[in-house]
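# Examining the three-dimensional arrangement
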Amino acid sequence: MGWSVDGAWVEVTLRALVVTRDEHVAHRTFLGDQGEWPFPINGRAYRIARVKTFWGRVTELYSHDGGLVPETARFVDKVLAPAGSTCARHVDVAASVACARCGTFACAACLGPDVIHCRGCEERLFAEANDRPREGAYFAPAALFVAAGGLVGGALGLGAAAASVAIARRVQNKPLRAVIAVGLYGLAAIVYLLVAAIIDGGRDALHR
Ligand SMILES: [Zn+2]
Ligand SMILES: [Zn+2]
């Protein structure tokens, strides 16, 4: 994930936030674990904020007026509006950009903080991000399996986590995702107990 802003791609690499245009690095800011840093993109003032949460470190990008920039899975380019076109909402104002998602012609005032999407589409991007499963949460119980079951338990726990994430990506319903994850971890626990019992049985047979 990263941010597509005004024809540039912004992404977090090793300890730094980097702006690339046409494959070369245009700007780099080194980030600490927590804090805020000014961050120019194509001459516009943006701001990076980094906070620690239960789920891990979260890095957010804001425009100069405090608008949160939505993340995109990959680079989305800016689409210039054709010369002479006008904004869909302001018929007497020239359009500068065609929304990268819905194609609506938008003037500067009708664009979101990333300067490539209309405000409606930016809201839809945030709504979709909210629906996406928090994948870290599915892996948290696997740590218990590692602690309790060592190598075998850990492998089973990680298997359950990976399967839960794969299914959660295809299931929209949040409670159903949780039920599936609990079921898979339950299955992993049963398999672990069976394997442990067989190993114990084997050991007993050797000592006899
Ligand atoms: Zn749009
Ligand atoms: Zn407008």
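Residues numbered from 1 in each chain as written. Chains lettered and ligands numbered in written order. Predicted model: local features only at pLDDT ≥ 70, side-chain atom pairs only at ≥ 80, totals over all residues.

With respect to the element layout, G103 can be found in the loop between β8 (97–98) and β9 (105–106). Residue classification places G103 among the partly exposed residues on the basis of 13 C-beta atoms within 10 Å. G103 sits 14 residues away from H117 along the chain, and the two C-alpha atoms are 8.7 Å apart. (Helix = DSSP H or I, 4+ residues; strand = E, 2+ residues; numbered from the N terminus. Buried ≥ 20, exposed ≤ 12 C-beta atoms within 10 Å, placed from the backbone.)

Attention now goes to the nonpolar core. The nonpolar side chains of a soluble globular protein tend to be buried, and buried together. Judged by nonpolar contacts, the single largest core of 26 residues is most densely connected at V5, V10, I41, V97 and A106. Those elements that provide at least two residues to this core are β1 (3–5), β2 (8–13), β3 (16–21), β5 (35–41), β8 and β9. Looking at this core element by element, the count peaks at three residues for β2. For this core, the two domains that each supply at least three residues are domain 1 (1–76) and domain 2 (78–132). Contacts of A106, omitting those with residues within four sequence positions, involve C87, A88, A95, V97, C99, L111 and C118. One finds A161, A168, Y185 and A188 within the second-largest nonpolar core, a separate group that totals twelve residues. (Core = buried A, V, L, I, M, F, W, Y, C linked by C-beta atoms within 7 Å. Domains from an automatic or database assignment. Contact = placed C-beta atoms within 7 Å.)

Let's shift gears to the sheet that holds strand β4 (residues 24–30). One open sheet accounts for four strands, arranged β1-β2-β3-β4; its pairing is antiparallel. The open sheet terminates on both sides in strands that have one partner only, identified here as β1 and β4. When the angles between neighbouring strand axes are averaged without regard to direction, this sheet yields 25°. When β3 meets β4, the two strands line up antiparallel, connected through six bridges. The partner of A16 across the bridge, within β4, is F30. (Pairing = 2+ DSSP bridges. Axes fitted to C-alpha atoms, helices over the stretch in contact; angles between N-to-C directions.)

Before going further, it helps to spend a moment on unusual backbone geometry. A positive phi angle, close to 50°, is found at N42, a residue other than glycine. Note on placement: N42 falls in the loop between β5 and β6 (44–53). When the 15 C-beta atoms within 10 Å are taken as the criterion, N42 is described as partly exposed. Non-glycine residue V115 carries a positive phi angle of around 60°. With respect to the helices, strands and loops of the structure, V115 is situated in the loop between β9 and α1 (119–131). For V115, a count of 22 C-beta atoms within 10 Å puts it in the buried group.

Let us look at the environment of Q34. On the secondary structure map, Q34 appears in the loop between β4 and β5. Residue Q34 is classed as exposed on the basis of its C-beta count, with 10 C-beta atoms lying within 10 Å. The spatial distance from the C-alpha of Q34 to the C-alpha of A49 is 7.6 Å, given a sequence separation of 15 residues. Every residue in contact with Q34, bar those within four places of it in the chain, is listed here: R50, V51 and K52.

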